[in-house]
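Spelled out from the first residue to the last, the chains are:
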Amino acid sequence: MKYTVTHLKPFGILIEADGNDHHVKDLSTKMLKNYFEEEKLVVVRGFKTFDSSDDFAGYCERWGEVSLWPFGKVLELVRQNNPEDHIFDNNYVPLHWDGMYRPEVPEYQIFHCVDSPNIDQGGRTTFSNTSIAIDQSPAELVELWKNISVRYTRKMEFYESTTISPIVTKHPYREQFIMRYNEPPAKDIPDFINPPIIEFVGVEEDHLDEIQTQLRELLYSPQVYYAHTWQKNDIVISDNFTLLHGREAYTQDAPRHLQRVHVNSSPAFKNPGLESYR
Ligand SMILES: [Fe+2]
């Protein structure tokens, strides 16, 4: 099978089919996993994909144990009318990591683009590579972030949970540091539905603004930040341990429909910061 491999900037890899006849199932998972390890983000484009959510979930089993939610294995990310949570609205979503409120934190996020906005409608999925971010930061700042924890409380349809994490912490099974941070929603977003409660621990109140600004400037800097413009049938596999992710706002009528599956590491990573969960 022929395909073309291109490096994305500032991180990630794009694998594009040559011709219209190849199915994503025909790509070697071992090859894709090797790219995933190296690049933290793999985009597969131009292949035939899945004709149902079950078909997609079945494919994801190749990557490991698929994590089960109250709604099943596949989250349908599509705007709802009168949403009860910002996830199902069309506004921006601040950077965060998935599973932060759940008993297990998945390693892989696998997205399937069922339908994509037009180029001028927004709705890119945003990724920030925290491993690069740490490498680029002064050592004294990294030390400071190791000593600051943030406690997050969130209640939504699928859970009610409180979790805490240092901003800089060790990768679950690699000898490297990563950042875990759910940035507070920007203050100028008027209708942000159901924001989490965010409490910084170990920071004087008058340093909060400075710390949040430093983190925002770092995590959105061009050296660490990639925003993915969706095309129909894109598959994106992202490293939920190393990256943070979010979403840009999009126009209300944009035909944006993503499916998302969580796949656990082996063994599954138990959420170290979960304080309460139901
Ligand atoms: Fe997410």
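Computed from a prediction, not measured in an experiment: that's the story for all the values here.

Section: the pattern of salt bridges
Phase 1 of the analysis: This model, assessed by the stated rule, comprises 13 salt bridges.
Phase 2 of the analysis: Residue Asp55 is joined to Lys25 by a salt bridge in which the shortest nitrogen-to-oxygen separation is 2.8 Å. Remark: Lys25 occurs in the loop between β2 (13-17) and α1 (29-39) and Asp55 occurs in helix α2 (residues 53-60); sequence separation between them is 30 residues.
Phase 3 of the analysis: For Asp98, the salt bridge is made with Arg260, and the minimal N-O distance between the two is 3.2 Å. Separated by 162 residues along the polypeptide, Asp98 in the loop between β5 (93-96) and β6 (104-105) and Arg260 in strand β17 (residues 257-263) bring together distant segments of the chain.
Phase 4 of the analysis: Taken together, the shared-partner salt bridges in this structure form one network comprising Arg151, Glu199 and Glu275.

A short note on the UniProt feature "domain: TauD/TfdA-like" (unreviewed entry) in the chain
Phase 1 of the analysis: Look at the UniProt record and you will see "domain: TauD/TfdA-like" (unreviewed entry) annotated at residues 20-261.
Phase 2 of the analysis: As a span, residues 20-261 carries 19% helix and 31% strand, and end to end its C-alpha atoms are 25 Å apart.

Focus: the pairing of strand β10 (residues 159-166)
Phase 1 of the analysis: Where strand β9 (residues 149-156) meets β10, 8 bridges bridge the pair, whose relative direction is antiparallel. Across the sheet, the residue bridging to Arg154 is Ser161, located in β10.
Phase 2 of the analysis: Taking the residues between adjacent antiparallel strands as the criterion, β9 and β10 are bridged by 2 residues.
Phase 3 of the analysis: Looking at chain direction, β10 and strand β19 (residues 274-277) are connected through 3 bridges and run antiparallel. Bridge assignment links Thr162 to a residue of β19, and that residue is Ser276.

Definitions and limits used
- Residues numbered from 1 in each chain as written.
- Predicted model: local features only at pLDDT ≥ 70, side-chain atom pairs only at ≥ 80, totals over all residues.
- Heavy atoms only, no water.
- Salt bridge = Lys/Arg side-chain N within 4 Å of Asp/Glu carboxyl O.
- Helix = DSSP H or I, 4+ residues; strand = E, 2+ residues; numbered from the N terminus.
- UniProt positions renumbered as here; feature names shortened; annotations may be inferred.
- Pairing = 2+ DSSP bridges.

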